[in-house]
Amino acid sequence: MKPELKYIELKSGFGDTGPAWIGMAEFSKSDRTVYFNEMALKNSNAQGIAGNYYDIESRDEYWVSGIKKNGTDRHWAGGGKVMIDRNVVDLYLSLVDFNLLDKNRFELVDILPTDKQKFAELENEKLN
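In short, a report on the structure.

Analysis parameters
- Residues numbered from 1 in each chain as written.
- Predicted model: local features only at pLDDT ≥ 70, side-chain atom pairs only at ≥ 80, totals over all residues.
- Heavy atoms only, no water.
- Helix = DSSP H or I, 4+ residues; strand = E, 2+ residues; numbered from the N terminus.
- Rg over C-alpha atoms; globule rule 2.2 N^0.38 Å.
- Phe/Tyr/Trp six-rings, centres within 6.5 Å; stacked < 30°, edge-to-face > 60°.
- Buried < 20%, exposed > 50% of the residue type's maximum accessible area, 1.4 Å probe, protein only.
- Pairing = 2+ DSSP bridges.
- Right-handed = clockwise from strand over helix to strand, strands pointing away.
- Lys, Arg positive; Asp, Glu negative; His and termini not counted.
- Salt bridge = Lys/Arg side-chain N within 4 Å of Asp/Glu carboxyl O.
- Polar contact = N/O pair within 3.5 Å; in protein donor to acceptor, adjacent residues only side chain to side chain.
- Contact = heavy atoms within 4.5 Å.

### Section: the overall build of the chain
Inference 1: Across its full length, the chain holds two helices and eight strands.
Inference 2: When the helices and strands of the chain are read in sequence order from the N terminus, they spell out β-β-β-β-β-β-β-α-β-α.
Inference 3: For a compact globule of 128 residues, the expected C-alpha radius of gyration is about 14 Å, and the chain comes in at 15 Å, within 12% of that figure.
Inference 4: Expressed along its principal axes, the backbone C-alpha trace of the chain runs to roughly 50 × 30 × 20 Å.

This is the structure in structure tokens:
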């Protein structure tokens, strides 16, 4: 599937103030797994958890969503800088209602690619 620009926030242990990123995420063929920043996040089907995905290695919960046009991706009660992949800044700015990143709200980072084969092997191990 084609990569998509997403907002991803760690919920486990943080509530609405966890580390958050904006970057390109890839989806599995079934759309149930999101590959992002060396992680594989599996859809939780919202079974009583704070996030809608969980990391298949650490079991940490994450919120994954699209980008909001007004730039308010964090929960209204949340806070903290959002880390944005320096490679997607132009794309992000083309989708939102502002032209510059506020350095008080955003931090430029390098988001790493994910080895999808590693996670396919990990999940197949669990099935055997």
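On we go from here.
### Quick word on the packing of aromatic side chains
Inference 1: Applying the stated rule across the entire model yields five aromatic pairs.
Inference 2: Taken together, a centroid distance of 6.4 Å and an interplanar angle of 65° make the contact between W21 and F36 edge-to-face. On the criterion of sequence distance, the pair formed by W21 in strand β2 (residues 20-27) and F36 in strand β3 (residues 33-36) is long-range, its members being 15 residues apart.
Inference 3: Overall, W21 belongs to the buried group, its relative accessible area being 12%.
Inference 4: With a centroid separation of 6.4 Å and an interplanar angle of 40°, the aromatic rings of W21 and Y62 are classed as tilted.

### Focus on the pairing of strand β8 (residues 106-109)
Regular strands have side chains that alternate between both faces of the sheet.
Inference 1: Looking at chain direction, strand β7 (residues 82-85) and β8 are connected through four bridges and run parallel. Considered in β8, the bridge of M83 is made with E107.
Inference 2: Crossover connection from β7 via helix α1 (residues 89-95) to parallel β8: handedness right-handed.

### Structural notes on the side chain of D73
Inference 1: Looking at where D73 falls in the secondary structure, it is placed in the loop between β6 (61-65) and β7.
Inference 2: Within the buried core, D73 has no salt-bridge partner, and the shortest N-O distance to an opposite charge, that of R105, equals 6.0 Å.
Inference 3: From its side chain, D73 meets the backbone nitrogen of K68 in a polar contact 2.8 Å long.
Inference 4: With sequence-adjacent residues up to four places away left out, D73 is seen in contact with Y7, I22, G66, I67, K68 and Y92.

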